[in-house]
Amino acid sequence: MRQNDTTARIAHVFSGTFVHSTPRAAVEILENCVLGVDDEGKIAFIEKEKDLVSLSKIWLFETSDIKQLGQNEFLMPGMVDTHIHASQYSYTGTALDLPLLEWLNTYTFPVEAKYKDLEFANNVYTKVVRRTLKNGTTTACYFATIHTDASLLLGELADKFGQRALVGKVCMDCNSAVPQYKESPSECKVETDRFIKELLKKQYPHVKPVVTPRFALSCSASLLSELGEIANNNKLHIQSHISENKEEVELVKTLFPGCKSYTDVYLKHNLLTDKTVMAHGCHLTDEELEIFHETGSAISHCPNSNISICSGMLNVRNVLKHKVKLGLGTDVAGGYSPSVLDAMRRTLDTSKTLTIQDPQHQTLTFEEVFRLATLGGSEALSLDEQIGNFVVGKDFDALRVNVCVPDGPIDLFPGEGPKVILEKFLNLGDDRNITEVYVAGRQVVPFLDT
Ligand SMILES: [Zn+2]
């Protein structure tokens, strides 16, 4: 047992069942345990309940202050959405009838162009931050739009509501279909610099900028180089899209004839680092996955979007075999659900579809998918030293789950243990079951104003 050798005070103590992943176990269930969170939002201890009295003496808390979880409750790590377009949230659940490139030109670019209006931005960004937090997304890796002030506003709102976020001002200097929605290369550089500088100046504890070239088709080679340099000089995260659909892959080959592959385009422009997350990757070759492994870059798997706009099916098992970091993404609004629970279900569906096509394919288990949504996501965003599971010293990002809320979506039956309860929540649960959400020890759901 660790001694209280610091001056940290205990802010919360929970007692009951804790479910999380470790590098060894996709699901580890800790029953009859107590977990303490210090006043800096870090996990101070996780011990057996039988040690409660001695723990209370070491950590100086009253046993009457303990939050006791009920029999049908557990705590799990907050979920990580490694790819979501906050700016597309307004039309989530619609516009799913076109393939990627037509979808962008028809629905996405005209809507994203509206974000020069800060009132419009404020309305949508408030709603997306609240909706995702309520659904248990404690960390979101956001695409905004090309507009610096609206992107800064997204950062401000994530901080206000207490969500951990990487926020990207989108960079794109090529758009022949909707020419009013792009920047000149020089504007793009100046505005990206301003965005990074101003967001960092705010010193939000859990909101950081991420360098965001939209994708190879929207960016000139010189812009890609500039962005690689900006990211590397400032040691920032990078996010973009790769190999989402076959038409796009072919076009990239035509536009970048000097590059061996789509992956090579980003590699040549210094955009593949151990802080890079690329969405989709449905059509990457094994050689390209090898480059991801070597550079430490990650893939965000967005199965709802991949199916909804008929892009492809990522073979997650093959990605994991190549030891490439992988997290889950909702990809709102190509994906129609803002919930990472949905991303988990669609991940299993895609894996099972691959098994239908090839019985040799080793289907993912629900336990593995749980890990991808939590610890896997934190690894994909290179935040695994801070978040992802319940380890002493990490930030306490957590969900309190009650599978038996009144009028909830789940029925339990006698004899069902914690693993069955977890599986039912992952397959049947929704935001009604997520009764409390914590980010870095701060309770952020229920919202203070509701
Ligand atoms: Zn996307």
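Residues numbered from 1 in each chain as written. Predicted model: local features only at pLDDT ≥ 70, side-chain atom pairs only at ≥ 80, totals over all residues. Heavy atoms only, no water.

The name given to the chain in an unreviewed UniProt entry is Guanine deaminase, with the source organism recorded as Phoxinus phoxinus. If you open the UniProt record of the chain and go to Catalytic activity (unreviewed entry), you find "guanine + H2O + H(+) = xanthine + NH4(+)". (UniProt positions renumbered as here; feature names shortened; annotations may be inferred.)

Novice: What should I look at first to understand the side chain of Ser305 in this one?
Specialist: Residue placement: Ser305 occurs in helix α10 (residues 303-308). Classification of Ser305 by relative accessible area gives buried; the value is 0%. Other than its neighbours up to four places away in sequence, Ser305 contacts Glu244, His280, Cys310, Ser311, Asp331, Gly334 and Gly335. (Helix = DSSP H or I, 4+ residues; strand = E, 2+ residues; numbered from the N terminus. Buried < 20%, exposed > 50% of the residue type's maximum accessible area, 1.4 Å probe, protein only. Contact = heavy atoms within 4.5 Å.)

Novice: Explanation requested: helix α4 (residues 148-161) in the structure shown.
Specialist: Because each turn of an α-helix spans 3.6 residues, side chains separated by three or four positions in sequence point in the same direction. Across its 14 residues, α4 extends 20 Å between first and last C-alpha, which sits within 8% of the 20 Å expected from 1.5 Å per residue. Along α4, 10 of the 14 residues are buried, which leaves the element largely enclosed by surrounding structure. For α4, the elements touching its buried residues are α3 (118-134), β7 (137-143), β8 (164-168), α5 (185-202), β10 (207-213) and β17 (442-445). In the segment just after α4, Gly162 is the residue with positive phi, at about 90 degrees. (Expected span 1.5 Å × (residues − 1).)

Novice: Can you walk me through the coordination of the zinc ion in this structure?
Specialist: Each angle at a metal carrying four tetrahedral donors should ideally be 109.5 degrees, and each at a metal carrying six octahedral donors should ideally be 90 or 180 degrees. Bound to the zinc ion on the protein side are His83 (NE2), His85 (NE2), His241 (NE2) and Asp331 (OD), at distances that span 2.0 to 2.5 Å. Coordination at the zinc ion is irregular: its 4 donor atoms span angles of 87 to 171 degrees at the metal. (Donors = N, O, S within 2.8 Å, 3.2 Å for Na, K, Ca; no water. Tetrahedral: all angles 85-135°; square planar, octahedral: opposite > 155°, others 65-115°.)

Novice: What should I look at first to understand the UniProt feature "domain: Amidohydrolase-related" (unreviewed entry) in the chain in this one?
Specialist: Residues annotated in UniProt with the feature "domain: Amidohydrolase-related" (unreviewed entry) correspond here to residues 74-444. Secondary structure content for residues 74-444 is 43% helix and 18% strand, and the end C-alpha separation is 18 Å.

Novice: Quick question: what am I supposed to make of the pairing of strand β13 (residues 298-301) here?
Specialist: On a regular strand, each side chain points to the face opposite its neighbour's, so the side chains alternate between the two faces of the sheet. Going residue by residue along β13, you find Ala298 and Ser300 tucked away on one face and Ile299 and His301 tucked away on the opposite face as well. The sheet contact formed by strand β12 (residues 276-280) and β13 spans 3 bridges and is parallel. Each residue of the ladder has a partner; that of Ala279, found in β13, is Ser300. Running through helix α9 (residues 286-295), the crossover from β12 to the neighbouring parallel element β13 is right-handed. Note that β13 and strand β14 (residues 325-328) share 4 bridges and pair parallel. Among the inter-strand pairings, Ala298 is bridged to a residue of β14, identified as Lys325. (Pairing = 2+ DSSP bridges. Right-handed = clockwise from strand over helix to strand, strands pointing away.)

Novice: Is there a simple way to explain helix α7 (residues 246-255) in this structure?
Specialist: Looking at α7, one finds that the buried residues are Glu248, Val249 and Val252. Buried positions in α7, seen along its axis, are confined to an arc of 100 degrees and lie on one side of it. Along α7, the residues that are exposed and aim more than 90 degrees away from the buried face are Lys246 and Thr254. In the core, the buried residues of α7 are packed alongside α2 (100-112), β11 (237-242) and α8 (262-268). The opening residue of α7 is Asn245, an N-cap whose side-chain oxygen sits 3.2 Å from the backbone nitrogen of Glu247. (Arc of directions from axis to C-beta. Polar contact = N/O pair within 3.5 Å; in protein donor to acceptor, adjacent residues only side chain to side chain.)

Novice: I keep staring at a negative patch on the surface and nothing clicks. Help me out?
Specialist: Taken together, the side chains of Asp286, Glu287, Glu290 and Glu294 define an acidic patch exposed on the protein surface. Positionally, Glu287 belongs in helix α9. (Patch = residues over 30% accessible without salt bridge, like charges linked within 9 Å, V, L, I, M, F, W, Y side chains within 5 Å. Areas by Shrake-Rupley, 256 points an atom, 1.4 Å probe, with all protein chains shown as cover. Salt bridge = Lys/Arg side-chain N within 4 Å of Asp/Glu carboxyl O. Lys, Arg positive; Asp, Glu negative; His and termini not counted. Charge placed at Lys NZ, Arg CZ, Asp CG, Glu CD.)

Novice: Would you take a moment to explain the nonpolar core for this structure?
Specialist: Where a protein is soluble and globular, its nonpolar side chains tend to be buried together. By size, the foremost hydrophobic cluster in this structure holds 113 residues, and its most contacted members are Tyr125, Tyr266 and Phe425. No other element matches α4, which puts 7 residues into this core. In this structure, Phe425 is in contact with Phe74, Met76, Leu341, Arg345, Val401, Val403, Ile410, Asp430, Asn433 and Ile434, ignoring residues within four places of it in sequence. (Core = buried A, V, L, I, M, F, W, Y, C linked by side-chain atoms within 4.5 Å.)

Novice: What should I look at first to understand the packing of aromatic side chains in this one?
Specialist: In this description, a pair of aromatic rings is defined by centroid distance and the angle of the planes. Under the criterion given, the structure shown has 14 aromatic pairs. Its guanidinium or amino end placed over the ring of Phe447, Arg130 lies 4.2 Å from that ring's centre, counting from NZ or CZ. (Phe/Tyr/Trp six-rings, centres within 6.5 Å; stacked < 30°, edge-to-face > 60°. Lys NZ or Arg CZ within 6 Å of the ring centre and 35° of its normal.)

Novice: Hey, could you run me through the environment of Glu40 in this one?
Specialist: Structurally, Glu40 is set in the loop between β2 (28-38) and β3 (43-48). With relative accessibility at 60%, the residue Glu40 sits in the exposed group. For Glu40 and Ala11, which are 29 residues apart along the polypeptide, the C-alpha to C-alpha distance reads 8.4 Å.

Novice: How should I be thinking about the state of the cysteines in this particular structure?
Specialist: Disulfides are covalent bonds that connect the sulfur atoms of two cysteines. Taken as a whole and assessed by the stated rule, the structure comprises 0 disulfides. In this structure Cys188 is not part of a disulfide, and its nearest cysteine sulfur, from Cys171, lies 3.8 Å away. Taking the relative accessible area as the measure of exposure, Cys188 reaches 0% and is therefore buried. The cysteine Cys310 is free of any disulfide, with Cys282 supplying the nearest cysteine sulfur at 11 Å. (Disulfide = S-S within 2.5 Å.)

Novice: Can you walk me through empty space enclosed by the protein in this structure?
Specialist: The rolling of a water-molecule-sized probe over the atoms marks out the regions of remaining empty space. As enumerated under the stated definition, the model contains 2 cavities of 30 Å³ or more in all. One number sums up the size of the largest cavity: a volume of about 90 Å³. Considering the residues around the largest cavity, the lining is formed by His85, Gln88, Leu100, Trp103, Leu104, Arg214, Phe215, His241, Glu244, His280 and Asp331. Here the lining of the largest cavity takes 3 residues from α2, the largest share from any one element. Looking at the lining of the largest cavity, its residues break down into 4 nonpolar, 4 polar and 3 charged. Put simply, the second largest cavity is a space of about 40 Å³. Taken together, Met344, Arg345, Leu348, Phe366, Val369, Leu426 and Asn427 form the lining of the second largest cavity. Sorting the residues of the lining of the second largest cavity by element identifies α12 (340-357), α13 (366-380) and α14 (418-428) as the ones contributing at least two each. The greatest single-element share of the lining of the second largest cavity, amounting to 3 residues, is contributed by α12. Split into classes, the residues belonging to the lining of the second largest cavity amount to 5 nonpolar, 1 polar and 1 charged. (1 Å grid on protein atoms, 1.4 Å probe; cavity = no way out; pocket = protein on both sides within 12 Å on 5 of 7 lines; lining within 4 Å. Points joined across faces, edges and corners; volume = space filled by probe spheres on them. Nonpolar A, V, L, I, M, F, W, Y, C, P; charged D, E, K, R; others polar.)

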